[in-house]
Amino acid sequence: MATYYCSIVLWRMRMIWRLRRNHGDVARFFFHYENSSSASPCFFYSTASLHSRMGHPLSFSSLVQQCTATQNLSCLKILQTHVIKNGLCHHSFGHKLLDSYIKCGSIYDARRLFDEMPDRHIVTWNSMISAYTSRNRSREAVHLYERMVSEGVFPDEYTYSSLFRAFSRLGVVLEARRAHGRAVILGLETSNAFVGSALVDMYAKLGEMKVAKLVCDGVFEQDVVLLTALIVGYAQKGEDLMALEVFLDMVRKGIRPNEFTFSSTLVSCANLGDVKCGDMVHGLMTRSGYVSVVASQTSLLTMYSKFGMVEESLRVFSALEDPNIVTWTSLITGLILNGKEETSLLKFQEMIRSSIPPNSFTFSSVVRACSRLAVLDTGKQIHALATKYGLDLGNYVGATLIDMYGKCGAPDLAVLAFNALVKADLVSINSMIFSYAINGLGHEALKLFYVTKDSSSLELNEMTYLSILLACSNSGLVEEGQRIFTDLRDRTDIRLNSDHCSCMIDLLGRSGRLDEAENLLNQLENPDVVMWRTLLSACRIYREVKMAERIRSKILELSPGDEGTHILLSNLYASTSNWDKFIETKGVMKGMKLKKDPAMSWVEIDQEVHTFMAGDFPHSRSDDTLVKLEELTTKAKNLGYIPDTSFVLQDMDELNKERSLYYHSERLAIAFALWRTTNKFSCIRVFKNLRVCGDCHSWIKFVTVAVGREIIARDSKRFHHFKNGACSCGDYW
DNA sequence: GTAGGGTTAG
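Bear in mind the structure is a predicted one, so any value in this text is a computation, not a measurement.

**Concerning the overall build of chain A**
If you tally the helices and strands in chain A, you get 39 helices and six strands. Within chain A, the fraction of its 733 residues that count as buried is 49%. Across chain A, contacts joining residues at least 24 apart in sequence account for 63% of those joining residues at least 6 apart. With the model as given, the accessible surface of chain A reaches about 34,900 Å², and the carbon-plus-sulfur share is 54%.

**What about the sheet that holds strand β3 (residues 684-688)?**
Read from one edge of the open sheet, six strands run β2-β1-β3-β4-β5-β6, paired in mixed fashion. One side of each edge strand has no neighbouring strand; the edge strands of this open sheet are β2 (608-613) and β6 (726-727). Bridge count between strand β1 (residues 600-605) and β2: six bridges; the pairing is antiparallel. Bridge pairing links Ile-605 to Glu-608 in β2. Together, β1, β2, β3 and β4 (711-714) form the strand contacts of helix α38 (residues 665-676), whose direction differs from that of β1 by roughly 15 degrees.

**Section: the protein's contact with DNA strand B**
Lining the immediate environment of DNA strand B, one finds 53 residues, of which Asn-126, Ser-197, Asn-258, Ser-296 and Arg-368 sit closest. The sugar-phosphate portion of DNA strand B accounts for 36% of its atoms within 4 Å of the protein, the bases making up the rest. Between DNA strand B and the protein, one listed contact pairs a base nitrogen with a backbone N or O atom of Glu-259 at 3.1 Å. In the model, a base oxygen of DNA strand B is placed 3.4 Å from a nitrogen or oxygen of the Tyr-396 side chain. Considered class by class, the residues forming the surface near DNA strand B number 16 nonpolar, 28 polar and nine charged.

**Overview of the pattern of salt bridges**
On inspection of all chains with the given rule, the structure shows 30 salt bridges. Note that Arg-491 and Asp-493 form a salt bridge whose closest N and O atoms lie 2.8 Å from each other. Exposure remark for Asp-493: the relative accessible area of 47% places this residue in the partly exposed category. With a closest N to O distance of 2.8 Å, Glu-549 and Lys-581 form a salt bridge. Remark: Lys-581 occurs in helix α35 (residues 579-591) and Glu-549 occurs in helix α33 (residues 545-558); sequence separation between them is 32 residues. Residue class for Lys-581 comes out partly exposed when judged on its relative accessible area of 32%. Taken together, the shared-partner salt bridges connect Arg-111, Asp-115, Arg-120, Arg-147 and Glu-151 into one network.

**Some thoughts on the confidence of the model for chain A**
Put simply, chain A has an average pLDDT of 86, and 89% of its residues get 70 or more. Taken as a whole, residues 1-13 scores under 50 in pLDDT and shows seven contacts with residues more than four places along the chain or in a different chain. Note that pLDDT drops below 50 for residues 15-57; the model gives that stretch 65 contacts with residues more than four away or on any other chain.

**Topic: the UniProt feature "repeat: PPR" (unreviewed entry) in chain A**
Per the UniProt record, the feature "repeat: PPR" (unreviewed entry) sits at residues 121-155, 223-257, 324-358 and 497-531. Taken as a whole, residues 223-257 contains 77% helix and 0% strand, while its terminal C-alpha atoms sit 9 Å from one another. The span residues 324-358 carries 74% helix and 0% strand; its end-to-end C-alpha distance comes to 10 Å.

**Re helix α16 (residues 259-272)**
Between its first and last C-alpha, α16 extends 20 Å over 14 residues, near the 20 Å set by a 1.5 Å rise per residue. Along α16, the residues that are buried comprise Thr-261, Phe-262, Ser-263, Ser-264, Thr-265, Leu-266, Ser-268, Cys-269 and Ala-270. Against the buried residues of α16 lie α14 (224-237), α15 (240-252), α17 (275-287) and α18 (294-306). Between the side-chain oxygen at the start of α16 and the backbone nitrogen of Phe-260 there is a gap of 3.0 Å, and the oxygen is on Asn-258. Where α16 ends, the next residue or the one after it, Gly-273, has phi of about 65 degrees, a positive value.

**Overview of the packing of aromatic side chains**
Throughout the structure, instances matching the rule amount to 17 aromatic pairs. Geometrically, the ring pair formed by Phe-164 and Phe-167 is tilted, given 6.4 Å between the ring centres and 45 degrees between the ring planes. With Phe-164 and Phe-167 both in helix α10 (residues 157-170), this residue pair falls three residues apart, about one helical turn. A relative accessible area of 1% means that Phe-167 is categorised as buried. With 5.5 Å between their ring centres and 80 degrees between their planes, Phe-449 and Tyr-465 make a pair best called edge-to-face. A residue pair is termed long-range when its members are at least 10 positions apart, and Phe-449 in helix α27 (residues 442-455) and Tyr-465 in helix α28 (residues 462-475) qualify at 16 residues. Taking the relative accessible area as the measure of exposure, Phe-449 reaches 1% and is therefore buried. Given the relative accessible area of 0%, Tyr-465 is considered buried. Arg-120 extends its terminal NZ or CZ atom over the ring of Phe-114, reaching a point 4.6 Å from the ring centre.

**Thoughts on the side chain of Ser-344**
Here Ser-344 is to be found in helix α21 (residues 341-353). Owing to a relative accessible area of 0%, Ser-344 belongs among the buried residues under this scheme.

**Digging into the nonpolar core**
In terms of nonpolar packing, the biggest core is built from 171 residues, with Tyr-160, Phe-164, Phe-167 and Leu-535 touching the most fellow members. Per element, the largest residue contribution to this core is eight residues, and it comes from helix α12 (residues 193-205). Excluding residues within four positions of it along the chain, Tyr-160 makes contact with Tyr-145, Pro-155, Ala-179, Arg-182, Ala-183, Leu-186, Leu-188, Val-195 and Ala-198. Membership of the second largest hydrophobic core comes to 27 residues, among which are Leu-629, Ala-636, Ile-700 and Phe-722.

Reading the values: rules and limits
- Residues numbered from 1 in each chain as written.
- Chains lettered and ligands numbered in written order.
- Predicted model: local features only at pLDDT ≥ 70, side-chain atom pairs only at ≥ 80, totals over all residues.
- Heavy atoms only, no water.
- Helix = DSSP H or I, 4+ residues; strand = E, 2+ residues; numbered from the N terminus.
- Buried < 20%, exposed > 50% of the residue type's maximum accessible area, 1.4 Å probe, protein only.
- Contact = heavy atoms within 4.5 Å.
- Areas by Shrake-Rupley, 256 points an atom, 1.4 Å probe, with all protein chains shown as cover.
- Pairing = 2+ DSSP bridges.
- Axes fitted to C-alpha atoms, helices over the stretch in contact; angles between N-to-C directions.
- Near = heavy atom within 4 Å.
- Polar contact = N/O pair within 3.5 Å; in protein donor to acceptor, adjacent residues only side chain to side chain.
- Nonpolar A, V, L, I, M, F, W, Y, C, P; charged D, E, K, R; others polar.
- Salt bridge = Lys/Arg side-chain N within 4 Å of Asp/Glu carboxyl O.
- pLDDT = per-residue confidence, 0-100.
- UniProt positions renumbered as here; feature names shortened; annotations may be inferred.
- Expected span 1.5 Å × (residues − 1).
- Phe/Tyr/Trp six-rings, centres within 6.5 Å; stacked < 30°, edge-to-face > 60°.
- Lys NZ or Arg CZ within 6 Å of the ring centre and 35° of its normal.
- Core = buried A, V, L, I, M, F, W, Y, C linked by side-chain atoms within 4.5 Å.

Structure representation (structure tokens):
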């Protein structure tokens, strides 16, 4: 211990001797601490260690430098106290301390020192402003700039190159223009590429691409950053041709693009769907040596995904040594985009195993994969994971969760996810209305629609109106739907589109108001095939042969050889026992090589999907399924089920018609599911590619009574929740 | 002694 203190005393003597000889100011500083009771041995010890490591005479700069390197804030504060007490806070010492505080991450201490400085050099102002902008404290940066101007200090090129970012973050166009004006007066707009690129970036982010382009064109010595800022602006605004033009212009001028340039240019190639151009930029990027830059390669991967070139995007991914969360998310999103939802979920698992924490972009994508696959259990697991990461309450993930629960036939869970949101935005509300709509909860949808319309500040959009019209249509709320449709027609801020019209025609048609639907169609300027076909479906429900034939000729005028029309008409002729015309239509279809999509149903049991085709038993499980099916039908008949053979679209005798109804794919799936699942409280979810027929609808209602279970069926259009002999659609679909 | 640009989502 004695040796230890001896060595400290010896070191201090030697240091004071050196300081007296070389650095008057700092020597006085150490004398001060020599005689001060607050001087801690710890401080001197750490200073000693700093000194010994420096290996050269101590100076103020190197002391500050060492404090920065070791992030020693307390040492910096002691230095500051001394500097201020001894009136040494002139700009050089002051700035060094301030800079060190910033580098140590303490903006608070930097600002306190800044406020205490008697005279501030422009460099000090700039450092403080830059510290604020780079840490997202834009308001404070702008305040400081305004104070600087009011105190008569002239901002310079350094000030503006960091300041402009603050305006775009705050979204304050007027203030931004005022500052731009001052930069012009000072002659900094055109003479300095740093100021120019900051301006271009600012205007691009404020959405003023024309101004951004003007500024860029005016800069005397353009460089890669300046032009890249412009490309980024165009790419993010979707002005992709302009982005490519700037890129080519840059290459022509001999300015070499870098990894930042390539990242954004590739986004534009992807948006344009221009494979040739994409390949060219890819080649240029490879030749420029950016093969392992993650962000650029991520853009490349996304581009190939958008081109539908999945193999190529996988190849880019596997060549990357260290993919980040954005790369993983791009891969997952790309797979979903290309219909490879199962693979995307496997990749998600792989990502989690690689200990890469997912973000809200990732969740938003994988939840969508679940929604497409309608795999409720997996969806729930992913929701739980999102909750674990605290990412389930934001609108991006929230909206996909609501959508997923809606499309999995679990509107109650969609409501829970919706109510949990911190602050629902329009997309989340639209998703909720849509979920209500496809699950036949029209009144709930109307309630949310009117609350949003009347009591929120949100501006409704096309999707809101489409969802609510669908809700009215699926619940047979004709008057409400008509009122909303009229309201939409009168609005000038929202464009009435063909989907809205089809939905309205569907609503009128399916509720039997065929003439009104036809009138509406005739009022429209250019009704499309979808709208006429919608009315044709209604004719099929109400067996309105004359109108159907009238519509057929309209459709065939617009689109000769329209497949759906022939299929709908053949169904209509079959259901009205018009067998001659049925055979004739079938003949036309045969000539056109048209075939109906085979009916198909599937159920998910123990995370395995089982598929069934109508009247087809290729499965080894078929015996048990058929036994169960017979049992269910007998029970249903005992409860009052009478088969309605008018749904059989073939010319055969009644007994065979009845038998053919029994083997509709949804019945096979339900029988299989009831045979396989023993938990009486679990609900069965069946999915069907076509619409459920009226007889199956009735049969399922009786089955829910017979077995005391809930059955949820999703057909090509909506959900039916069957419980205790009733369906949520109120027999209206 | 201070400064500018990027990749993923409903």
